[in-house]
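# Per-entry structural report
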Amino acid sequence: TADERRAVVERLLGVSGASARRGPARPVELAIVAAAEVRPWRYPPRGELRYGEWLRDAFERGEVPPPGPTPDLAVLVTMARRGNHALLGPPPAEMLDPVPAADLRRSIVTGIPGLLADLAPDTRNVLLTLARAWLTLATGEIAPKDAAAAWALPRLADEHRAVMARAREMYLAGVDDDGWGDLRPAARACADAIVAAIDRLVAADG
């Protein structure tokens, strides 16, 4: 219910991320899904609630989106099934249907415009997420952000490598997304180059 979603968000605001109200904590990313909405699998899947620190400003204003289509659940379900580890209850592979490869690719491509819109305020994470998208579309694998950046580096043109290397270093060091300064135009160029590579993969895939 709407009240339940607000209650979950309020509790998470208190314990998640550097702005946690009860002291700094690790950032929480949570997706709540009704089993009947993803089993049998259908695209786009419907999510009940998504929490992440990138949504904190809206949540603190009292904005809690209603349930609705959540394309990137295709990636999350695939990751959960591959890891197949549950903190409580049956393993994910018993609870979640496999996601067809075409739906996984479609969910990744659908999310790219939203990523680019967030490039200025969240440069590090957007660049690394684009690298992950590129890797998955090229190989079918899903890798951590630092591993995806390492995969992307030798595949980028020379002029884009310093930007991706910086994003990876910031991620590994736990550095917040600041200090890009004069590198912001270069970050945009790097993002555009990755999107162009993704577009070529999508076109080749038909």
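The notes below deal with the structure included here. (Residues numbered from 1 in each chain as written. Predicted model: local features only at pLDDT ≥ 70, side-chain atom pairs only at ≥ 80, totals over all residues. Heavy atoms only, no water.)

## Quick look at the environment of Val 9
Along the chain, the position of Val 9 falls in helix 1 (residues 2–15). On the basis of relative accessibility, which here comes to 3%, the residue Val 9 falls in the buried class. Other than its neighbours up to four places away in sequence, Val 9 contacts Leu 49, Tyr 51, Phe 59 and Val 64. (Helix = DSSP H or I, 4+ residues; strand = E, 2+ residues; numbered from the N terminus. Buried < 20%, exposed > 50% of the residue type's maximum accessible area, 1.4 Å probe, protein only. Contact = heavy atoms within 4.5 Å.)

## Observations regarding the side chain of Thr 70
Within the secondary structure, Thr 70 is located in the loop between strand 4 (68–69) and helix 4 (73–83). Those residues within four positions of Thr 70 in sequence are excluded, and the remaining contacts are Pro 45, Arg 46, Gly 47 and Arg 50.

## Re the layout of surface pockets
Size it by volume and the second largest pocket reaches roughly 730 Å³. Lining of the second largest pocket is provided by 24 residues; of these, Leu 76, Ala 80, His 85, Pro 92 and Leu 96 occupy positions nearest its centre. At the level of elements, strand 1 (30–32), helix 2 (35–38), helix 4 and helix 5 (92–95) are the ones that each hand at least two residues to the lining of the second largest pocket. Tallied by class, the residues present in the lining of the second largest pocket amount to 19 nonpolar, four polar and one charged. (1 Å grid on protein atoms, 1.4 Å probe; cavity = no way out; pocket = protein on both sides within 12 Å on 5 of 7 lines; lining within 4 Å. Points joined across faces, edges and corners; volume = space filled by probe spheres on them. Nonpolar A, V, L, I, M, F, W, Y, C, P; charged D, E, K, R; others polar.)

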